[in-house]
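For reference, the chains in residue letters:
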Amino acid sequence: MSQATQALSGELRLVRVVAMQAVATDVMHFELCAADGRPLPPFAAGAHIDVHTPAGLVRQYSLCGVPGATERYAIAVKYERAGRGGSASLHGDVEVGSALGISAPRNHFPLADSTGHSILVAGGIGITPILAMIETLQGAGRSWELHYGARSAGHAAFHADLVARFPERVQGYFGETPVLPVQNIVDRIDVLGDDTHLYCCGPGGLMRAVAAAARPEVAARVHFEWFAAPAHDAAEQASQPFEVEVASTGAVLPVAAGESALAVLRAHGIDIPSSCEEGVCGTCEVRVLAGHVEHRDLLLSEAERQSNQCMMVCVSRARNERLVLDL
């Protein structure tokens, strides 16, 4: 079972914004405390939460505070002018004292259980999950380095603080089109030893470049946090119809080539939580009891895919005619 299933409690918590601060161009830092005074669930580096915005949209944001903290969460949100409205709502509709609904933390981007060196690669707002990783690695006395690209130093949230604290560990790359020496950075996995892991979060172009630079032999030690699903060639994503069987009732529902299993299940009165509907957030994960899944998400590890025990019903489909789902 994936970490999404293990971490998802289903509980929606009400929090209040207790502090707001602009930390870079178009980036606002929010501190959140539980409205009822109860401790918030602890989280590990790489975790994110769903935030229910005042506009009624649900968006995922990485927790960038100190891992393990239960009295306060922190997120940093970039105002995406061409976005779908979630960041605009948080920037424009929220003030200190505002109430927001949030989910329990989920973690698809955890630090590996390793004592080796960590190479951290961030592009723009992709620094947010990396911040919590730095706190964890530093606290454990583990070695790490950060490569951080952005349009300018003014667009690089938290960069000045990181350089002040860790001048020998942080390298910045700034420009309208920031060019990180991706191949050289990825090659350091080999130079620094078999226990070295690389963690990357940022724009799709950076993520694809890092993935392309990693040799197959080291791919398992290169980890990504996607904010949105990358575009796919239409032929690559061609879909075939299939059926889903609801285990609790025996109902068999046809899913057409142009439909998602999520949409079909909802149309038949089965309420499944979802958020991104792109296979990057894990909200719609469902257990699979029979059948073979064609995984199209960006979350599950290769081992989890091979186990065939779960799927993201917003994007994944069947490899054969029918899937039996634990619903």
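To be clear, the structure that these remarks concern was listed above.
Residues numbered from 1 in each chain as written. Predicted model: local features only at pLDDT ≥ 70, side-chain atom pairs only at ≥ 80, totals over all residues. Heavy atoms only, no water.

Only one face of strand β12 (residues 242–246) is covered, namely the face carrying Phe242, Val244 and Val246; the face carrying Glu243 and Glu245 is uncovered. Pairing of β12 with strand β13 (residues 252–255) involves four bridges; the strand directions are antiparallel. Note that in β13 the partner of Phe242 across the bridge is Val255. Linking β12 to β13, which pair antiparallel, is a turn of five residues; within it Gly250 sits at a positive phi near 80 degrees. (Buried < 20%, exposed > 50% of the residue type's maximum accessible area, 1.4 Å probe, protein only. Helix = DSSP H or I, 4+ residues; strand = E, 2+ residues; numbered from the N terminus. Pairing = 2+ DSSP bridges.)

Now for the sheet that holds strand β1 (residues 13–24). Spatially, β4-β3-β6-β1-β2-β5 is the arrangement adopted by the six strands of the open sheet, whose pairing is antiparallel. Each edge of the open sheet carries a strand with a single partner, namely β4 (58–62) and β5 (73–78). Here the average twist between neighbouring strands, direction ignored, is 40 degrees. Running at roughly 110 degrees to β5, helix α2 (residues 86–93) makes contact with β2 (27–34), β3 (48–52), β4, β5 and β6 (99–102) of the sheet. (Axes fitted to C-alpha atoms, helices over the stretch in contact; angles between N-to-C directions. Contact = heavy atoms within 4.5 Å.)

In the contact formed by helix α5 (residues 182–191) and helix α6 (residues 204–213), the axes pass within 9 Å of each other and the chain directions differ by 50 degrees. Here α5 is positioned oblique relative to α6, judged by the angle of their axes. Like other packed secondary-structure pairs, α5 and α6 cross with a definite hand, here right-handed. For the pair α5 and α6, contact is made by Val182, Gln183 and Val186 and by Leu206, Ala209, Val210 and Ala213, respectively. Broken down by class, the residue content of the contact of α5 with α6 amounts to six nonpolar, one polar and no charged. (Parallel < 35°, antiparallel > 145°, perpendicular 65-115°, else oblique. Left-handed = near helix turned anticlockwise from the far one by under 90°. Nonpolar A, V, L, I, M, F, W, Y, C, P; charged D, E, K, R; others polar.)

Counted according to the given criterion, the structure contains four aromatic pairs. Note on Phe109 and Tyr199: the rings are 6.2 Å apart at their centroids and 75 degrees apart in plane angle, and the pair reads as edge-to-face. Highlighted residues: Phe109 in the loop between β6 and β7 (118–123) and Tyr199 in strand β10 (residues 197–201), separated in sequence by 90 residues. Each member of the pair Phe109 and Tyr199 is classed as buried. Between Phe224 and Trp226, the aromatic rings sit 6.2 Å apart at their centres with planes inclined by 40 degrees, giving tilted as the arrangement. Each member of the pair, Phe224 as well as Trp226, carries the same accessibility label: buried. (Phe/Tyr/Trp six-rings, centres within 6.5 Å; stacked < 30°, edge-to-face > 60°.)

A word on the sheet that holds strand β18 (residues 322–325). In space, the five strands of this open sheet follow the order β13-β12-β18-β14-β16, with mixed pairing throughout. Looking at which strands have only one partner, the edges of the open sheet turn out to be β13 and β16 (310–312). Across the sheet, the mean angle from the axis of one strand to that of its neighbour is 40 degrees, orientation sign disregarded. Inspection of the sheet shows β12 paired to β18 by four bridges, in the parallel sense. Bridging from a neighbouring strand, Glu245 pairs with Val324 of β18.

What follows deals with the pattern of salt bridges. Considering all chains together, one arrives at 14 salt bridges under this definition. Of the charged contacts, one joins Glu217 and Arg215 as a salt bridge, the two residues approaching to 2.8 Å between their closest N and O atoms. Given the relative accessible area of 37%, Arg215 is considered partly exposed. Taking the shortest distance from any N to any O, the salt bridge between Asp297 and Arg305 comes out at 3.8 Å. In this structure Arg305 comes out as partly exposed when scored by relative accessible area, which is 22%. (Salt bridge = Lys/Arg side-chain N within 4 Å of Asp/Glu carboxyl O.)

The next subject is α5. Since the α-helix turns once every 3.6 residues, residues separated by three or four places project in the same direction. Those residues of α5 not exposed but buried are Val182, Ile185, Val186 and Ile189. Down the axis of α5, the sector holding all buried residues measures 95 degrees, keeping them to one side. Opposite the packed face of α5, turned more than 90 degrees from it, sit the exposed residues Asn184 and Val191. For α5, the elements touching its buried residues are β7, β8 (144–150), β9 (170–174), β10, α6 and β11 (222–225). Gly193 sits one or two positions beyond α5 and adopts a positive phi of about 115 degrees. (Arc of directions from axis to C-beta.)

Take the nonpolar core next. In this structure, Leu120, Ile127, Ile130, Leu146 and Leu162 are the most contacted members of the largest nonpolar core, which totals 31 residues. At the level of secondary structure, the elements contributing two or more residues to this core comprise β5, β7, α3 (127–139), β8 and β10. Per element, the largest residue contribution to this core is seven residues, and it comes from α3. If we skip the residues at most four places from it in the chain, Leu120 touches Ile130, Met133, Ile134, Leu137, Trp144, Glu145, Leu146, His147 and Tyr199. Counting residues in each nonpolar core, the second largest holds 25 residues, with Ala261, Leu262, Leu323 and Leu325 among its members. (Core = buried A, V, L, I, M, F, W, Y, C linked by side-chain atoms within 4.5 Å.)

The quantities given are spatial measurements derived from coordinates; they are silent on function.
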